[in-house]
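Chain by chain, the residues:
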Amino acid sequence: MRFLLSAVALAFSLAAAAQDAPKYRVLAQDRGHIAIVGPDGKVEWEVECKHNAHDIQMLPNGNVLFNSGGAAVSEVNPKKEVVWKYEAKPTPGNKGRVEVHACQRLADGNTMVVETGNKRIVEVDRDGKVVKEVPLTVNKPDPHRDTRNARKLDTGNYLVAHEGDGCVREYDGSGKVVWEYKLDLNDRPRSGGHGPEGHGTEVYSAVRLKSGNTLIGGGNNNRVVEVDKDGKVVWSVDQKELPGITLAWVTTVQALPNGNVIIGNCHAGPDQPQLIEVTRDKKVVWTFKDHKTFGNSTATAQVLDLKDVIR
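Calculation notes
Residues numbered from 1 in each chain as written. Predicted model: local features only at pLDDT ≥ 70, side-chain atom pairs only at ≥ 80, totals over all residues. Heavy atoms only, no water. Buried < 20%, exposed > 50% of the residue type's maximum accessible area, 1.4 Å probe, protein only. Helix = DSSP H or I, 4+ residues; strand = E, 2+ residues; numbered from the N terminus. Pairing = 2+ DSSP bridges. Phe/Tyr/Trp six-rings, centres within 6.5 Å; stacked < 30°, edge-to-face > 60°. Contact = heavy atoms within 4.5 Å.

Visitor: An account of the pairing of strand S9 (residues 111–116) is requested, with residue identities and associated values reported.
Guide: Taken across its six residues, S9 has six buried, putting it largely inside the fold. Joining the antiparallel neighbours strand S8 (residues 99–105) and S9 is a turn of five residues, in which Gly-109 adopts a positive phi near 95°. The sheet contact formed by S9 and strand S10 (residues 120–124) spans five bridges and is antiparallel. Bridge pairing in S10 links Thr-111 to Val-124. Once S9 ends, the chain turns through three residues before running back antiparallel as S10, passing Gly-117 with a positive phi of about 90°.

In structure tokens, the structure reads:
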């Protein structure tokens, strides 16, 4: 009898937990397409995208902005029509290739694009004209790894994750470095590989929180770290700190108004979620695992319909 009551109580507890779990729509790219998946797991919208995108954004008008090719950024409307496109070219003196991994639609309608190889940020207007250029500091130049993710801040500065340098730098409008944080190996040896076995300092993303702290998606550092302005780690989620979850290449980080963080988990394997929401006391409240619609290379995703998310 006692066992029966316990089983019933557990069933009610699990049902309540499931009912209270967030119900998100997810926009992401992988497996040759961009798709929006509803809370019921059904694909609501999709468009072909054979390029493995590293940045994606749903715009207020319902269009989707993403890096659509080696050096291209495209905006696609709900009818799946390309309504705007910019393609980066090598600057004079640059005889190598150029890639684009980060893009952001700005409040003035221009688009920020980070051009690896060219080692610069540009702001581009609707006609495709570069209206602003910001040089970047890159110690280990590589057209694929100069930069990964980047965001323009409300202050007008730029926060840039330099994958090859293993470093996050903040630049002012002239390109001067005004803040820097270098990742360390977190007391583990460096190892190769894109999955959980790989470990390094190849950072993927960073966002500036309202507190002034910086939240960093560590890439193959296999963790999320939050650091203050002095570079002190004030919060982190390590590779195997979440029960039943292993972090591999940590990509995007999305900071919710309630303090929770949604972590992008790429190359972790088919048994692992691609997105994980954790509270500040590191309780998992939601996961997204869809290796049919997307897959093991889901590098960029956005949780939709939430206000005031920092991403």
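Visitor: Go over the packing of aromatic side chains with me, naming the residues and quoting the values.
Guide: Enumeration according to the criterion identifies three aromatic pairs in this entry. Joined through ring pairs, the aromatic side chains of Tyr-24, Trp-286, Phe-288 and Phe-294 make up one cluster.

Visitor: Go over the environment of Ala-161 with me, naming the residues and quoting the values.
Guide: Tracing the sequence through the fold places Ala-161 in strand S13 (residues 158–162). Residue class for Ala-161 comes out buried when judged on its relative accessible area of 0%. In the structure, Ala-161 is positioned 94 residues away from Ala-255 in sequence and 17 Å away in space, judged by C-alpha atoms. With residues near it in sequence (within four places) discarded, Ala-161 still touches Thr-147, Arg-148, Asn-149, Cys-167, Val-168, Val-203, Tyr-204 and Ser-205.

Visitor: Could you give an account of unusual backbone geometry, naming the residues involved and the relevant values?
Guide: For Lys-282, which is not glycine, the phi dihedral falls at a positive 65°. Residue position: Lys-282 is located in the loop between strand S22 (275–278) and strand S23 (284–288). The exposure class of Lys-282 is partly exposed, given its relative accessible area of 25%. Positive phi, close to 60°, is recorded for Asp-308, a residue that is not glycine. Structurally, Asp-308 can be placed in the segment after strand S24 (301–303).

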